[in-house]
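Structural overview
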Amino acid sequence: MTVTVYSKPSCVQCNATYRALDQRGVEYIIIDLSEDADAFEHVQSLGYKQVPVVEVSGDHWAGFRPDKIAALS
C-alpha cells in the first residue's frame, strides 16, 4: 500500500494528517505541490482545490480525514 500526501508548506491540515498517519504507523510519501507542477496538475485533475490530498490504492480524499486515516491501519 502506497500512501501519498500532496501538500504545501505551512498547512495546518497537512500537519494534522502527518501526525495521524505517524500515530498509526502508516508510511507515506509527501509531495510538495508548490515544487511539483505535474503533481499540482494531477491533484487538480482529481477535482481538488485544497490540501492535503491523500491518495492510496485508487482512493483519494482532501482535507484532514481521521476516519479515512483510521481505515488505513
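Higher on the page you've got the structure.
Rules and cut-offs
Residues numbered from 1 in each chain as written. Predicted model: local features only at pLDDT ≥ 70, side-chain atom pairs only at ≥ 80, totals over all residues. Heavy atoms only, no water. Core = buried A, V, L, I, M, F, W, Y, C linked by side-chain atoms within 4.5 Å. Buried < 20%, exposed > 50% of the residue type's maximum accessible area, 1.4 Å probe, protein only. Helix = DSSP H or I, 4+ residues; strand = E, 2+ residues; numbered from the N terminus. Contact = heavy atoms within 4.5 Å. Disulfide = S-S within 2.5 Å. Polar contact = N/O pair within 3.5 Å; in protein donor to acceptor, adjacent residues only side chain to side chain. Pairing = 2+ DSSP bridges. Axes fitted to C-alpha atoms, helices over the stretch in contact; angles between N-to-C directions.

Structural notes on the nonpolar core
Among the nonpolar cores identified, the biggest contains 21 residues, and Val-3, Leu-21 and Leu-72 are the most heavily contacted of them. Mapped by element, the contributors of at least two residues to this core are strand 1 (3-7), helix 1 (12-23), helix 2 (37-45), strand 3 (53-56), strand 4 (59-62) and helix 3 (66-72). The residues touching Leu-21, leaving out its near neighbours within four places in the chain, are Val-3, Val-5, Val-26, Tyr-28, Ile-69 and Leu-72.

Section: the side chain of Ser-7
Looking at the secondary structure, you find Ser-7 in strand 1. Excluding anything up to four places from it in sequence, Ser-7 contacts Cys-14, Tyr-18, Ile-30, Ile-31, Asp-32, Leu-33, Ser-34 and Val-51.

What about the state of the cysteines?
Enumeration over the complete set of coordinates arrives at one disulfide. Cys-11 shares a disulfide with Cys-14; S-S distance 2.3 Å. Across the S-S bond linking Cys-11 and Cys-14, the dihedral sits near 75°, which makes this disulfide right-handed. Each member of the pair, Cys-11 as well as Cys-14, is classed as buried.

Topic: helix 2
Between the side-chain oxygen at the start of helix 2 and the backbone nitrogen of Asp-38 there is a gap of 3.2 Å, and the oxygen is on Asp-36. The first or second residue beyond helix 2 is Gly-47, which carries a positive phi of 95°.

Observations concerning the sheet that holds strand 3
As summarised here, the arrangement of the four strands in space is 2-1-3-4, forming an open sheet in which the pairing is mixed. The open sheet terminates on both sides in strands that have one partner only, identified here as strand 2 (29-32) and strand 4. Taking each pair of neighbouring strands and ignoring which way they run, the sheet shows an average axis angle of 20°. The pairing of strand 3 with strand 4 spans four bridges and is antiparallel. Within the sheet, the bridge partner assigned to Val-54 lies in strand 4 and is Trp-61. Of the strands in this sheet, strand 1, strand 2 and strand 3 are in contact with helix 1, which crosses strand 1 at around 160°.

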